[in-house]
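Chains, contacts and geometry: an overview
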Amino acid sequence: MALSHTPYDEMHASDGVRAHYRAFADWLKKAPPERLQRKRDEADTLFHRVGITFAVYGEAAGTERLIPFDIVPRIIPADEWQQLAAGLKQRVRALNAFTKDIYHDQEILRAGKVPKEEVLNNAQYRPEMQGIKVPNDIYAHIAGIDVVRAGKGEFYVLEDNLRVPSGVSYMIEDRKMMMRLFPELFARHSVAPVEHYPDLLLDNLRSVAPSGVNDPVVVVLTPGAYNSAYFEHAFLAQQMGVELVEGADLFVKDDSVYMRTTRGPQRVDVIYRRIDDDFLDPLAFRADSMLGVPGLLAAYRAGRVTVANAIGTGVADDKSIYPYVPDMIRFYLGEEPLLNNVPTYILRRKEDLAYTLAHLAELVVKEVHGAGGYGMLIGPAASKEELSAFRERILAAPQKYIAQPTLSLSACPTFVASGLAPRHIDLRPFVLSGRDIKLVPGGLTRVALREGSLVVNSSQGGGTKDTWVLER
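Computed from a predicted structure; not experimentally measured. (Residues numbered from 1 in each chain as written. Predicted model: local features only at pLDDT ≥ 70, side-chain atom pairs only at ≥ 80, totals over all residues. Heavy atoms only, no water.)

Describing the sheet that holds strand β13 (residues 270-273)
Taken in spatial order, the 4 strands line up as β9-β8-β13-β14 in an open sheet, and their pairing is parallel. Two strands close off the open sheet at either side, each with one partner strand: β9 (243-245) and β14 (306-308). Here the strands of the sheet are splayed against their neighbours by 30° on average, with no regard to which way each runs. Across 4 bridges, strand β8 (residues 218-221) lies against β13 in parallel orientation. Along β13, the bridge assignment pairs V219 with I271. (Pairing = 2+ DSSP bridges. Helix = DSSP H or I, 4+ residues; strand = E, 2+ residues; numbered from the N terminus. Axes fitted to C-alpha atoms, helices over the stretch in contact; angles between N-to-C directions.)

Considering the domain arrangement of the chain
Segmenting the chain into domains produces domain 1 (12-210 + 305-340 + 407-469) and domain 2 (343-405). Its C-alpha centre places domain 1 at a distance of 25 Å from the equivalent point of domain 2. (Domains from an automatic or database assignment.)

So, the nonpolar core
If you look at soluble globular proteins, the nonpolar side chains tend to sit buried side by side. The biggest cluster of nonpolar side chains holds 69 residues, and the ones touching the most others in it are F98, V119, L250, I271 and Y300. Elements supplying a minimum of two residues to this core: α3 (78-102), α4 (107-110), β6 (142-150), β7 (154-161), β8, β11 (256-259), α10 (296-301) and α11 (325-333). Of the residues forming this core, the biggest block, 9 residues, is contributed by α3. Grouped together as the second largest cluster of nonpolar side chains are 58 residues, F47, I52, F182 and F231 included. (Core = buried A, V, L, I, M, F, W, Y, C linked by side-chain atoms within 4.5 Å. Buried < 20%, exposed > 50% of the residue type's maximum accessible area, 1.4 Å probe, protein only.)

Details of the pattern of salt bridges
Two side chains carrying opposite charge are able to pair once their charged atoms lie near each other. One pass over the full model with this rule turns up 30 salt bridges. Here R91 makes a salt bridge to D160, at a shortest N to O gap of 2.7 Å. Of this pair, R91 sits in helix α3 while D160 sits in strand β7, and the two are 69 residues apart along the sequence. Neither residue differs from the other here; R91 and D160 are each classed as buried. Put simply, E335 and R93 hold a salt bridge, and the shortest N to O gap is 3.5 Å. Placement of E335 in the loop between α11 and β15 (340-341) and of R93 in helix α3 is noted, with a sequence separation of 242 residues between them. Owing to a relative accessible area of 33%, E335 belongs among the partly exposed residues under this scheme. Here the residues in one salt-bridge network are E10, R74, E80 and R149, joined through shared partners. (Salt bridge = Lys/Arg side-chain N within 4 Å of Asp/Glu carboxyl O.)

Notes on the sheet that holds β11
Reading across the sheet, the 3 strands line up as β10-β11-β12 and stay open at both edges, with antiparallel pairing between neighbours. Looking at the sheet topology across the chains shown, the edges are occupied by β10 (250-253) and β12 (266-268). Averaged over all pairs of adjacent strands, the angle between strand axes in this sheet comes to 45°, irrespective of strand direction.

Okay, structure coming up:
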């Protein structure tokens, strides 16, 4: 599959401004630069005041940093969003079917559609989950699917985040900020709302409570204030009106989970966990974990509590499994994929390894378990020394890596120090699976603020934009 290296421009076509951006472009032309600068400064002040920060592990400058916010929105027309949303729902349906199958009948492995060793030897595969029945057969209750545009504007799924996907709080706060700074823009545009996401999330979590529970108690389980996404944990608990708890606040008795309260123990039915599998239960996984709840797996196995996302879901979002998602869609749903995968070289295959090593300067190489923009090589931007060092890492353990063509991500006008300039972006919509599959229109648009950079992760200097899906 040939991929264009000319970035798709979200706002401008060859014959002028795209139709869905025209009203915004007209407003932007008339907006005095000093007002825009003042509003940008105001946004920074307000974000600091509210405490919308994230932590960067190992950073000497401090434990928390503000995520840069850009005031030029990413705008998506209604018909384009409908197509994208249909593809996202299809993909998440297949990923949930795959995860259920892996922990039960393993039909897809017997059919040879996914290599058995890729699943059963995967570090994210949890044999402890084998045979456990989960409510509604839902494993990935909250999925953050990273989508990019390349070539002539076609969408590609870059990554599936099914373990503890983060970023939705920034989507909501970015919208609040834009409405506060520029209310006149929302009078000119019919922008679909996103503020109801916490209500959808709570309904979704309540819908997957254990059988027979009529008024489920939901909690958000956080590793604590030093976690990089702690702001989001606290934000979502507050917005849903549920308790934010740490492992020490919960205990298991008679295969049920209880929360310690000033009024005595209270039964907990659904745990929206923001802790990785390894740390969830020291009796089942890492014995040295101080973050989890001893006995949680036993309560889960007994069907007395729902954990969202399910334990073991990471096997479906591992980068070594990603290349097989189109086959999952065909196998489980009998449909053709509506969204493209990025062509991917699997380096445990000799021919893929040979091609990658011969074209290392042209490709992006990623660790199969990596996240946050770490542990990856962007060939065209790497020095000879970096290429040589990464080559040695690949040769030492080729099974730990995949490689992909260097996509030229679409660009959107962004305010930088020199003024308005194009910067590369991606999009993370959040897909909720419960009784139904739902998603709010839009998602988190991340922007690579460094000129020429393709890395949008906040930990690597990226920022965020408000994402507008037009209702008409």
